[in-house]
Amino acid sequence: MTIKPAVRVSDGKLIVKNRTVLTGLPDNVVATSGSASGPAEGVFLGAAFEEGSSRHVTSLGTFQNGVRFMACFRFKLWWMAQKMGRSGRDVPLETQFLLVETQDGSHLEEDQVVYAVFLPLIEGPFRASLQGNSGDELELCLESGDVDTKAASFSHAVFVHAGTDPFATITEAVRAVKVHLKTFRQRHEKKLPGIVDYFGWCTWDAFYQQVTQEGVEAGLKSLTAGGAPPKFVIIDDGWQSVAGDQDKAGELQRLTGIKENSKFQHKDDGIMTIVNIAKEKYGLKYVYVWHAITGYWGGVRPGTEYGSVLKYPDLSKGVMENEPAWKTDMIRLQGLGLVNPKSVYKFYNELHSYLASAGVDGVKVDAQCVLETLGAGLGGRVELTRQYHQALDASVSRNFEDNGIIACMSHNTDALYCEKQTAVVRASDDFYPRDPMSHTIHVAAVAYNSVFLGEFMLPDWDMFHSLHPAAEYHASARAISGGPVYVSDAPGKHDFELLKKIVLPDGSVLRARLPGRPTRDCLFTDPARDGVSLLKIWNMNKYTGVVGVYNCQGAAWSSLERKNAFHETKSDAITGYVRGRDVHLIKEAATDPDWNGDCAVYCNRTGELVTLPHNAAMPISLKVLEHEIFTVSPIRVLAPGVRFAPLGLVDMYNAGGAIEDLRYEQRLVSMEVRGCGKFGVYSSEKPMRCCVGTNGVDFSYDSASGLVTLILDHMPEEGKRVQLVEVEL
């Protein structure tokens, strides 16, 4: 008996776990076993062409009927978004990640559904992407970005892996690619900077490029005075020394030197003045500043010591078709001053060492994808990106000991597959406070992009305004994202009642343990476009899970208009269902190895507590821009008829993140809790007593739901991270 590989190509078909995904693979497509890249059972696909070229496109065949897919594709040069479909023509240009459900799993048991993940890769100086054509074929596109960088044959352009757990299958596939490429590391292998566990403030939407030292101080003072003290600040675009080539109006600005501009040159200390004010006067732990990967939007002005040369971006065909606005973009028309790759480490090191000497702890490095457009004459897009990122990694490592870097506008695989150090990545296009179309689009995009990006780095779901019609929608999503949480409020324009749901009095946040991602049953539905689906996002804490539910309908990127657009929604409110198993790894939060699947589910908005038996579903109806957050906690049976589940600080969005330790000794439950406020648990019977530390405290008990609440009226004692809460039944 011959054991057939889990993923194989046979008779012109791509077969995963005995299910055909693609038919009609042409003869020029070659398959190589992935067994050399570790235990993941996968196959590499490549292709042979008749002659060398800097760009190739070939068919990979046609999807078998019955499949569904979710694609992460670049709708802009800088950013990805999600698109769902069932046939080849639905696969957008510039698709960088494709998750396929091998047959419609809506009527099957979970362990019967097979998922295939397609990862288009880097091969030599070429970068691969996927796309569909009007003949319903899936196509492979290979590009070097330099007419003189050519090749004719490829063997490892796409990796395909399959499994029955979609999230584990993706992780295994990325791990196999890492072993093969040896050019990047995965999220869990990187040092996370300290900002991720604290509340922060970014100057961008408060001031844009008009930011000043006085404005930075006003923002820090305003938030601290209101009881939401930021512990990090990002001084965004507007602090650098820049000018146009002839200092005329309307010119593209270029960097003229590494030091701050006159707005931040107070006394002789420069930017150090505001850094010291932030840390000494307002107690901040971290100060970051912004710069573009090329120095500034227009690069570094030619004639400086870094060997900068004016280059004109040459965009790939797929990006130009998806984002036609590039035809009139200033960077494309006026060129960019590109630092010679041989001098770029010197440039970064001098910039970063100057900032570090002023007390700056890290950088937000923007506009990263522009490098792919500048590879002509420099060995192509992949090579230029690699050289810049190696220099950037080395400089950050030398100058910012906390690995202080956020990657931004960086959603191309040229960068993802060479990121060895950067551990935080912006997950989507910006928060646009004045664009009513953008808010549902934003929440959907960060969740789906995190399915892919979260394998490489911790996704950052971006800043938001706490005083805004969509503030709660954004704030709740950030709170369960697992990434950094920061606002861009103008000084004095805050909703402190909202901020109390995400920020503790000491400026820390209750961060979930993983990147937030769509629940398994949402991976292939389209909650932005289909008019019938809600988006559910899951995450994990140590002893609980969390599910956020969002109505994101009504706006999405339009493949016809090549831009974000409103579209008709079919009904006022949409109904969906929440289950305990929506938290994909909820079993890991159960302290009982024989847990039966029953959960206590607490609704943040209404304060209601429901017990959900294994596989039971709870309906929820939401209108566009409405949301709900549920804390999901496995129920432990302590004795016949005695059941218990911890909930956490129930007034906060990620309530369960407060519980750092949980112990059961017969009928005594001991919990170590971070933070203060209203603390809740589920108990099937009224407790005999509740204690905080060694002191008995008043508590309330609702016999109908089993909700027990008590007040933690202060933070843990100084020098202590947690306080002990005991419930005796």
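Procedures and definitions
Residues numbered from 1 in each chain as written. Predicted model: local features only at pLDDT ≥ 70, side-chain atom pairs only at ≥ 80, totals over all residues. Heavy atoms only, no water. 1 Å grid on protein atoms, 1.4 Å probe; cavity = no way out; pocket = protein on both sides within 12 Å on 5 of 7 lines; lining within 4 Å. Points joined across faces, edges and corners; volume = space filled by probe spheres on them. Nonpolar A, V, L, I, M, F, W, Y, C, P; charged D, E, K, R; others polar. Axes fitted to C-alpha atoms, helices over the stretch in contact; angles between N-to-C directions. Helix = DSSP H or I, 4+ residues; strand = E, 2+ residues; numbered from the N terminus. Parallel < 35°, antiparallel > 145°, perpendicular 65-115°, else oblique. Contact = heavy atoms within 4.5 Å. Buried < 20%, exposed > 50% of the residue type's maximum accessible area, 1.4 Å probe, protein only. Salt bridge = Lys/Arg side-chain N within 4 Å of Asp/Glu carboxyl O. Disulfide = S-S within 2.5 Å. Pairing = 2+ DSSP bridges. Domains from an automatic or database assignment. Buried area = accessible area lost by both parts, 1.4 Å probe. Lys, Arg positive; Asp, Glu negative; His and termini not counted. Polar contact = N/O pair within 3.5 Å; in protein donor to acceptor, adjacent residues only side chain to side chain.

Observations regarding empty space enclosed by the protein
A complete count under the given rule lists 2 cavities of 30 Å³ or more for this structure. Estimates place the volume of the largest cavity at around 80 Å³. Here the lining of the largest cavity is built from residues that sort into 7 nonpolar, 2 polar and 3 charged. Here the second largest cavity is characterised by a volume of approximately 70 Å³.

Focus on the packing of helix 10 (residues 438-453) against helix 11 (residues 471-479)
It is the contact of helix 10 with helix 11, at a shortest axis distance of 10 Å, that shows an interaxial angle of 10°. Here helix 10 lies roughly parallel to helix 11, going by the angle between them. Between helix 10 and helix 11, the residues in contact are His-439, Thr-440, His-442 and Val-443 and Tyr-473, His-474, Ala-477 and Arg-478, respectively. A class-by-class count of the residues in the contact of helix 10 with helix 11 yields 3 nonpolar, 4 polar and 1 charged.

A look at unusual backbone geometry
Backbone geometry at Asn-18 places phi at a positive 65°, although glycine is not the residue there. Structurally, the position occupied by Asn-18 is in the loop between strand 2 (13-16) and strand 3 (19-23). Relative accessible area serves as the criterion here: at 63%, Asn-18 is assigned to the exposed category. One non-glycine residue, Glu-94, lies in the positive phi region at around 65°. Under the relative-accessibility criterion, Glu-94 is labelled buried at 2%.

Things to note about the pattern of salt bridges
Tallied over the full model, the rule gives 36 salt bridges. One salt bridge in this structure joins Asp-598 and Arg-643, with 3.3 Å as the shortest N-O distance. Taken together, the residues Asp-598 in the loop between strand 32 (573-578) and strand 33 (599-603) and Arg-643 in strand 38 (residues 642-649) connect sequence positions 45 residues apart. Judged by relative accessible area, Asp-598 falls into the buried class, the value being 12%. Overall, the relative accessible area of 22% leaves Arg-643 in the partly exposed class. A salt bridge links Glu-628 to Arg-605; the shortest N-O distance between them is 2.9 Å. Here Glu-628, found in strand 36 (residues 627-634), pairs with Arg-605, found in the loop between strand 33 and strand 34 (609-612); they are 23 residues apart in sequence, far enough to count as distant. You can call Arg-605 exposed: its relative accessible area is 58%.

Concerning the state of the cysteines
Inspection of every chain in the model, using the stated rule, returns 0 disulfides. Left unpaired, Cys-369 is separated from the closest cysteine sulfur, that of Cys-408, by 9.8 Å. The buried category is assigned to Cys-369, whose relative accessible area is 0%. Note on Cys-552: no disulfide assigned, nearest cysteine sulfur contributed by Cys-522 at a separation of 9.4 Å. Taking relative accessible area as the criterion, Cys-552 reaches 0% and is therefore assigned buried.

So, the pairing of strand 45 (residues 707-712)
By the criterion of burial, strand 45 is predominantly enclosed, with 5 of the 6 residues buried. Pairing of strand 41 (residues 677-683) with strand 45 involves 6 bridges; the strand directions are antiparallel. Each residue of the ladder has a partner; that of Lys-678, found in strand 45, is Ile-711. One ladder, built from 3 bridges, connects strand 44 (residues 700-702) with strand 45; its direction is antiparallel. Along strand 45, the bridge assignment pairs Ser-700 with Thr-709.

Brief notes about the sheet that holds strand 34
Strand order across the open sheet formed by 6 strands is 27-28-29-36-33-34, with antiparallel pairing between neighbours. Taken across any chain shown, the strands that pair with only one partner, and hence form the sheet edges, are strand 27 (517-518) and strand 34.

Digging into the domain arrangement of the protein
Segmenting the protein into domains produces domain 1 (7-182), domain 2 (198-426) and domain 3 (517-728). Relative placement of domain 1 and domain 2: their C-alpha centres are 33 Å apart. In this assembly, 29 residues from domain 1 lie in contact with 33 residues from domain 2. In total, domain 1 and domain 2 occlude about 2500 Å² of area from one another, counting both sides; carbon and sulfur atoms represent 61% of this. Of all residues in domain 1, Leu-77, Trp-78 and Trp-79 bury the most surface against domain 2, accounting for 31% of the area lost on that side.

With respect to the environment of Gly-318
Position of Gly-318 relative to the elements: it lies in helix 5 (residues 317-322). Gly-318 sits in the buried class, given a relative accessible area of 7%. With 224 residues separating them in the primary sequence, Gly-318 and Glu-94 have C-alpha atoms 5.7 Å apart. If sequence neighbours within four positions are ignored, Gly-318 has contacts with Leu-93 and Glu-94.

Points about the side chain of Lys-190
As for its position among the elements, Lys-190 is in the loop between helix 1 (166-181) and strand 15 (199-202). Within the buried set, Lys-190 has no salt-bridge partner at all; the shortest N-O distance to an opposite charge, 5.4 Å, is to Glu-419. A polar contact is formed between the side chain of Lys-190 and the backbone oxygen of Glu-419, at a distance of 3.1 Å. In this structure, Lys-190 is in contact with Arg-185, Glu-419, Lys-420, Gln-421, Thr-422, Ala-423, Phe-456 and Met-457, ignoring residues within four places of it in sequence.

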